[in-house]
Amino acid sequence: MDSKQIDVMVADASHEAYVDTILETIREAAKVRGTGIAERTHEYVATKMKEGKAIIALCGDEFAGFTYIESWGNKEYVATSGLIVHPKYRGCGLAKRIKHASFTLARLRWPKAKIFSLTSGAAVMKMNTELGYVPVTFNELTDDEAFWKGCEGCINHEILMAKNRKFCICTAMLYDPALHTDDEHTNF
């Protein structure tokens, strides 16, 4: 499959029909990987779409991939979360296109915000590094309690809390726009 046959776009209210498929794809991926992926509700994901804070990938009318963004700490931080590619569309570079699209959307909406990602996946770490993220300690991320509450849906939440939110299975990565004045990551 050539990923160019797949449309990657900012999601909107018309894409709500895909939410249950997205959530099921995320749950199945978490089971297969045996790692933590924070659970989200139908309403939460649908709201991200309605607010223009999500990227969806479609091959015709078929769901291929998804991610969303959210601002934290009075819009000083933005997290890119929930990156998922349907198994049928893996291995063709789609995850990278979706990641770049969410990064661009975050930079357009909040150009001065620091963008962060928590991940246990090597592929996401590699994509983050290519975009200019660097590994950081958890205390360099937002202290917004609402963000950390979102980690409650992850199987590794007990580890995070046992370590006073300083360490977890995930790697924290941060993109600081102040360190990237000549940014070429603006198109998707």
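Structure shown above.
Residues numbered from 1 in each chain as written. Predicted model: local features only at pLDDT ≥ 70, side-chain atom pairs only at ≥ 80, totals over all residues. Heavy atoms only, no water.

**Let's talk about the overall build of the protein**
In step 1: Secondary structure summary: the protein contains six helices and seven strands in total.
In step 2: In sequence order, the protein lays out its α and β elements as β-α-α-β-β-β-α-β-α-β-α-α-β.
In step 3: Computed over its C-alpha atoms, the radius of gyration of the protein comes to 16 Å, within 12% of the 16 Å expected for a compact globule of 188 residues.
In step 4: Referenced to the eigenvectors of the C-alpha coordinate spread, the extents of the protein come out at roughly 45 × 40 × 30 Å.
In step 5: Within the protein, the fraction of its 188 residues that count as buried is 48%.
In step 6: Long-range pairs, those at least 24 residues apart, make up 70% of the contacts in the protein with a sequence separation of at least 6.
In step 7: Once the 23 positive and 25 negative side-chain charges of the protein are each reduced to a mean point, those two points are 3 Å apart. (Helix = DSSP H or I, 4+ residues; strand = E, 2+ residues; numbered from the N terminus. Rg over C-alpha atoms; globule rule 2.2 N^0.38 Å. Buried < 20%, exposed > 50% of the residue type's maximum accessible area, 1.4 Å probe, protein only. Contact = heavy atoms within 4.5 Å. Lys, Arg positive; Asp, Glu negative; His and termini not counted. Charge placed at Lys NZ, Arg CZ, Asp CG, Glu CD.)

**Let's talk about the pattern of salt bridges**
In step 1: For the structure shown, the criterion picks out ten salt bridges.
In step 2: Where Glu24 meets Arg27, a salt bridge forms, and the shortest distance between an N and an O atom there is 3.2 Å. One end of the pair is Glu24 and the other is Arg27, both in helix α1 (residues 19–33) and three residues apart, which spans about a single turn.
In step 3: The partly exposed category is assigned to Arg27, whose relative accessible area is 30%.
In step 4: Overlapping salt bridges, with partners in common, bring together Lys48, Glu51, Lys53 and Glu70 in one network. (Salt bridge = Lys/Arg side-chain N within 4 Å of Asp/Glu carboxyl O.)

**Focus: the sheet that holds strand β6 (residues 134–136)**
In step 1: A sheet is described by the order of its strands in space; here seven strands give the open sequence β1-β2-β3-β4-β5-β7-β6, paired in mixed fashion. At either end of the open sheet lies a strand with only one pairing partner, and these are β1 (7–10) and β6. On average, each strand axis in the sheet is inclined to that of its neighbour by 25 degrees, with strand direction left out of account.
In step 2: Relative to strand β4 (residues 77–85), strand β3 (residues 62–72) runs antiparallel, the two sharing seven bridges. The residue bridging Tyr68 from the neighbouring strand is Ser81, located in β4.
In step 3: On top of the sheet, α1 reaches β2 (54–59), β3 and β4; it is set at about 80 degrees to β4, its chief contact. (Pairing = 2+ DSSP bridges. Axes fitted to C-alpha atoms, helices over the stretch in contact; angles between N-to-C directions.)

**Section: helix α4 (residues 122–131)**
In step 1: Of all the positions in α4, only Val124, Met127, Asn128 and Leu131 are classed as buried. The buried residues of α4 occupy an angular sector of 100 degrees when the element is viewed end-on, so they sit on one face. Away from its buried face, by an angle of more than 90 degrees, α4 presents the exposed residues Ala122 and Lys126.
In step 2: Looking at the buried positions of α4, the neighbouring elements they touch are β4, α3 (94–109), β5 (114–119) and β7 (171–175). (Arc of directions from axis to C-beta.)

**Section: the packing of aromatic side chains**
In step 1: Applying the stated criterion to the full structure yields ten aromatic pairs.
In step 2: Centroid distance Tyr44 to Tyr68: 5.5 Å. Interplanar angle 80 degrees. Geometry classified as edge-to-face. Here Tyr68 lies in strand β3 and Tyr44 lies in helix α2 (residues 42–50), a separation of 24 residues in the sequence.
In step 3: On the numbers, 6.2 Å between centres and 55 degrees between planes, the contact of Tyr133 with Tyr175 is tilted. Taken together, the positions of Tyr133 in the loop between α4 and β6 and Tyr175 in strand β7 put the pair 42 residues apart, joining distant regions of the chain. The exposure classification of Tyr133 matches that of Tyr175, with both residues buried.
In step 4: Members of the aromatic cluster, each reached through a chain of ring pairs, are Trp72, Tyr77, Phe116, Phe138, Phe147 and Trp148.
In step 5: Note that Arg40 overlies the ring of Tyr44, its terminal NZ or CZ placed 5.4 Å from the centroid.
In step 6: Sitting over the ring of Tyr44, Lys48 keeps its end group 4.8 Å from the ring centre. (Phe/Tyr/Trp six-rings, centres within 6.5 Å; stacked < 30°, edge-to-face > 60°. Lys NZ or Arg CZ within 6 Å of the ring centre and 35° of its normal.)

So, to be careful, I would describe these as geometric facts and stop short of saying anything about function.
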